[in-house]
Amino acid sequence: MNTNVIPVHVPQVGQPIRRREDPRLLTGRGRYTDDIAIPHLAHAAVLRSPHGHAVVKTIDTSAALAMDGVVGVLTHADIQGRIGDIRPNWVVANSIVPPHPVLAAAHVRHVGEPVAFVVANTRAQAVDALEAIVVDYETLPAVVDEEAALAPGAPQLHANVPGNLVGTWRIGGGDYAAAAAQADRIVQVRLVNNRLIPSPIEPRAVRAVYDEADDRLTFYLPTQVPHMSRRWLAETLGWPEHRIHLVAPDIGGGFGAKMHFYAEEILVAFAARHFGRPVAWTETRSEAHMATTHGRARVDHVEAAVRQDGRVLGIRLRSVANLGAYVSNMGTGVPTVNVGSFALGNYDIPVLDAEVRLATTNTTSVDAYRGAGRPEASYIIERTMDAVAHQLGIDPLELRRINLIRKHQFPYQPYQHPMWRWDSGNYEGCLESAADLIGYDGWRARQAALRAQGRYVGVAVTCYMEMVGMGISRTLATRGFDRGGWESAQVRVHSDGKVTLFSGSMPQGHGHATSFAQIAGDVLQLPMDYIDVVQGDTDRVPAGHGTFNSRSMAVGGSAVHSAASKVLAKATRIAAVMLEAQPEAVGYASGTFFVSGDPGRRLGFAQVARMAYVASKLPSGMDPGLDETVFYEPRGMGTPNGSHAAAVEVDLDTGQVTVLDYVAVDDVGNLINPLLCHGQMHGGIAQGIGQALYEGVDYDESGQLLTGSLLDYAVPRSDQLPRMRTSFQITPTSTNALGVKGIGEAGCVGAPTVIVAAVCDALQTLGITHIDMPLTPPRVWRAIQAAQTRS
């Protein structure tokens, strides 16, 4: 063996490495919030409003306080002046934010709103005590529909929000009136984007322990944004932020709902200090349906100015978004900026005129849910393109070919708006690949013969794009965000050469312990087993903004890359002193430093790491240690995109939809771990199919939630999901160090549109061109019956 040969590092980035987390999680060794055992733990339960809208006249807690095991009861009167209101942190211009008390004061405005908070020795005692609390309500008229809420004479929810209109947001470019004048036809569609319940496997849960001696709170919370949650908690309670230690354990799914700020979190923290007992609260599934934020919930009126040859000249959008009873964290930004800005999708349409009105209603608050506005935007433009194709008699796939942004047009500035820039893509490549993989021409050729046999089969190929990897702090501030866009990473090399990586991102099944170790391992050319990843602990991780908007790899991963690169640069300078060579003469490969041209002069990475702490041979002026922290700010935001294709069959007798085949071709930039990328696509597509076919929240006119449990709210089972054929087309982005665009929400963005399009394609010979989601068997059956009656 030639000892002078330097081993070659085998890259880990780009390899389908299995998740390091899985053996622990799959063998029951996960540690979730409700698993955490704390001595002398008290348990909390929440008395919630049974009414959609009512005046709270009196609350009598005396009987509950007298019950065995009850530690205490809190109402608004007990916390007034001691706890602030819940405030959103993304407020778009001109929006009115109504007061949002932690416990209801004079009014309740939706079913499930917290009215009283009981703390007892056991969970059963706390729940029993709820029944002893007597509340005198005077019910009021309610309004649950967003358009009805803005109509004259609608019930008024908040004194400071006249007509229930929180705000009106506009964006656009070009002259729509001129485009309409040039058009051969105006195509109009009305679309409903159904309200959804996020439904993570693990509901929300909280544990709080107050140490009076240190005046310090330890707070266990399954949050996507640990440092942000700590900040919001400190601000609302008026406590010093550094005296709150927030720990986010394993998280059983988040999907956006666990990045918001809730009354129960504040109450548990307050109660732990107020009563001098550790306090726990875990949400029931029914509570999750009425108290955890919902998603989507809007109505869109779209008008397209088109030429007879299929070119779309402009889009006019008029939308009403349902915010629920109160403005949640990102409640005003998601249905405005995240929808209207991307309403033209993948198409080279020169004109946009978009307006979104924000309505408050007697329903659970609506906020970011996986995709957070981009599924809605994709649905708007893709359903419109299908309507245009139908009215012009052009095949929907061909209409998309006519209007797509071409590869040479990137970077692309949509509707000439200075705020936006789509960085890169090959939309034609994704579209044609998806059409080929699904066998589009073959399905088209067989459709007529299948219909003659009584089989109604449809096929569709649709497009999507989104902008993710939220960053650029200055830009976020101009759009109403009260948070930065950077992410932190700290790479600490220990004296034995092993590495601990601290990241401000927060996984909820993402596989960060694997993918982040791949990134750091490639930069440092060390085995992944040498690298531990620490997240979700505000005492150990210096700072962070967390995981949402598909930003973990683009921003968090780039921070890891940058910090590891700084560590390697410092280690190289130390190695140069140890090898008595100039730094530029020192090479590095597979954990070995060597002198170029003299590979016999070499040092292992661990030797250099040890010297960094022994410090007897360091460059002049260098501090000891091998530890670098980076706050990484991206140069821009990437634009993932793709085309999804589906073939479906509809049973005319039952309305049942069966997905026969599903193909996804996605461009998410460089792939850090292809295996994890396929997994992210499968999960996102499953949730998108859930929205298209199964899921939908219903309220009655009084504000009663009719889908209050999983008996009434359907999420797709594994046997209801098709085999998904996922593949990738790579066009790297220049907006971050890794060339990644983000993948966490892509499946959710692409799936609803293509499923609805394929179902409507199957039924087009009956005269059915659109059915609002969810396309449940009864809804599809009714549409078929109505169409057959008309014919």
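Structural data are supplied above this passage.
Rules behind the numbers
Residues numbered from 1 in each chain as written. Predicted model: local features only at pLDDT ≥ 70, side-chain atom pairs only at ≥ 80, totals over all residues. Heavy atoms only, no water. Helix = DSSP H or I, 4+ residues; strand = E, 2+ residues; numbered from the N terminus. Rg over C-alpha atoms; globule rule 2.2 N^0.38 Å. Buried < 20%, exposed > 50% of the residue type's maximum accessible area, 1.4 Å probe, protein only. Contact = heavy atoms within 4.5 Å. Areas by Shrake-Rupley, 256 points an atom, 1.4 Å probe, with all protein chains shown as cover. Lys, Arg positive; Asp, Glu negative; His and termini not counted. Charge placed at Lys NZ, Arg CZ, Asp CG, Glu CD. Pairing = 2+ DSSP bridges. 1 Å grid on protein atoms, 1.4 Å probe; cavity = no way out; pocket = protein on both sides within 12 Å on 5 of 7 lines; lining within 4 Å. Points joined across faces, edges and corners; volume = space filled by probe spheres on them. Nonpolar A, V, L, I, M, F, W, Y, C, P; charged D, E, K, R; others polar. Axes fitted to C-alpha atoms, helices over the stretch in contact; angles between N-to-C directions. Core = buried A, V, L, I, M, F, W, Y, C linked by side-chain atoms within 4.5 Å. Right-handed = clockwise from strand over helix to strand, strands pointing away. Parallel < 35°, antiparallel > 145°, perpendicular 65-115°, else oblique. Arc of directions from axis to C-beta. Expected span 1.5 Å × (residues − 1). Left-handed = near helix turned anticlockwise from the far one by under 90°.

Attention now goes to the overall build of the chain. Broken down by element type, the chain carries 21 helices and 26 strands. In summary, the chain has a C-alpha radius of gyration of 28 Å against a globular reference of 28 Å for 791 residues, a match within 12%. Along the longest, intermediate and shortest principal axes, the C-alpha atoms of the chain span 90 × 75 × 45 Å. Among the 791 residues that make up the chain, the fraction classed as buried is 63%. For the chain, contacts bridging at least 24 residues in sequence account for 80% of all contacts bridging at least 6. Total accessible area computed for the chain in this model is approximately 28,600 Å², and 51% of it derives from carbon and sulfur atoms. Taken as two groups, the 67 positive and 78 negative side-chain charges of the chain have centres that lie 4 Å from each other.

Mapped onto the fold, Gln691 is located in helix 19 (residues 674–693). Residue contacts for Gln691: discarding those within four places in its chain leaves Asn193, Asn194, Leu196, Arg296, Pro752, Met773 and Pro774.

In this section: the sheet that holds strand 6 (residues 134–139). A sheet is described by the order of its strands in space; here three strands give the open sequence 4-2-6, paired in antiparallel fashion. Only two strands of the sheet have a single neighbouring strand rather than two, namely strand 4 (107–108) and strand 6.

Glancing now at the layout of surface pockets. Roughly 550 Å³ of internal volume is contained in the second largest pocket. In this structure, the second largest pocket is lined by 27 residues; those nearest its centre are Val192, Asn194, Arg195, Val697 and Asp698. Listed by contribution, the elements that provide at least two residues to the lining of the second largest pocket are strand 8 (185–193) and helix 21 (777–790). The residue makeup of the lining of the second largest pocket, split by class, is 10 nonpolar, seven polar and 10 charged.

Turning next to the sheet that holds strand 18 (residues 499–503). The mixed open sheet is built from four strands, whose spatial order is 19-18-17-23. Pairing within the sheet leaves two strands with one partner each, and these edge strands are strand 19 (531–534) and strand 23 (627–632). Across the sheet, the mean angle separating the axes of adjacent strands is 15 degrees when strand polarity is ignored. The pairing of strand 17 (residues 487–493) with strand 23 spans six bridges and is antiparallel. Residue pairing across strands places Ala489 opposite Val630, the latter belonging to strand 23. Across the sheet, helix 16 (residues 512–524) touches strand 17, strand 18 and strand 19, and the angle it forms with strand 19 is around 135 degrees.

The next subject is the nonpolar core. In terms of nonpolar packing, the biggest core is built from 158 residues, with Phe219, Trp422 and Leu763 touching the most fellow members. If one sorts the elements of this core by residue count, helix 20 (residues 746–762) sits on top with 11 residues. Those residues in contact with Trp422, other than ones at most four positions away along the chain, are Ser341, Phe342, Gly345, Ile405, Phe410, Pro411, Tyr412, Pro414, Tyr427, Met465, Met467 and Thr639. Membership of the second largest hydrophobic core comes to 50 residues, among which are Val491, Ala575, Ala576 and Leu579.

The subject of this paragraph is the pairing of strand 19. For strand 18 and strand 19, the ladder comprises four bridges, and the chain directions are parallel. Bridge pairing in strand 19 links Val499 to Ile531. The parallel pair strand 18 and strand 19 is bridged by helix 16, and the resulting crossover is right-handed.

What follows covers the packing of helix 17 (residues 552–579) against helix 18 (residues 605–614). Here helix 17 crosses helix 18 at 90 degrees, and the two axes come no closer than 9 Å. Comparing their axes, helix 18 and helix 17 come out roughly perpendicular. Here Ala571, Ile574, Ala575 and Met578 of helix 17 come into contact with helix 18, specifically with Phe605, Gln607, Val608, Met611 and Ala612. Considering only residue class, the contact of helix 17 with helix 18 consists of eight nonpolar, one polar and no charged.

With that settled, the discussion passes to unusual backbone geometry. Cis peptide bonds are those with omega within 30 degrees of zero, and the linkage from Phe410 to Pro411 qualifies with -5 degrees. Positionally, Pro411 belongs in the loop between helix 12 (396–403) and helix 13 (427–438). Cis geometry marks the peptide bond from Met773 to Pro774, where omega comes out at -5 degrees. Relative to the assigned elements, Pro774 resides in the loop between helix 20 and helix 21. A positive phi angle, near 50 degrees, is found at Asp215, a position not held by glycine.

Three or four residues apart is the spacing at which side chains of an α-helix point the same way, because the helix has 3.6 residues per turn. For helix 4 (residues 123–130), the full list of buried residues reads Ala126, Ala129 and Leu130. The buried residues of helix 4 all sit within an arc of 110 degrees when viewed along its axis, so they share a single face. Residues of helix 4 that are buried in the fold lie against strand 1 (42–48), helix 2 (62–65), strand 3 (70–74) and strand 5 (114–120).

A separate point is helix 16. With 13 residues, helix 16 should reach 18 Å at 1.5 Å per residue; the first-to-last C-alpha distance of 17 Å fits that figure. Of all 13 residues in helix 16, 13 are buried; the element is thus mostly enclosed.

Take the packing of helix 11 (residues 374–392) against helix 12 next. Put simply, helix 11 and helix 12 touch, their axes get as near as 9 Å, and they point 110 degrees apart. The angle between the axes of helix 11 and helix 12 places the two elements in the roughly perpendicular class. When you trace helix 11 past helix 12, the crossing you get is right-handed. Where helix 11 approaches helix 12, its residues Glu382, Met385, Asp386, Val388 and Ala389 are matched on the opposing element by Pro396, Leu399, Arg400 and Asn403. A breakdown of the residues in the contact of helix 11 with helix 12 according to their chemical character gives five nonpolar, one polar and three charged.

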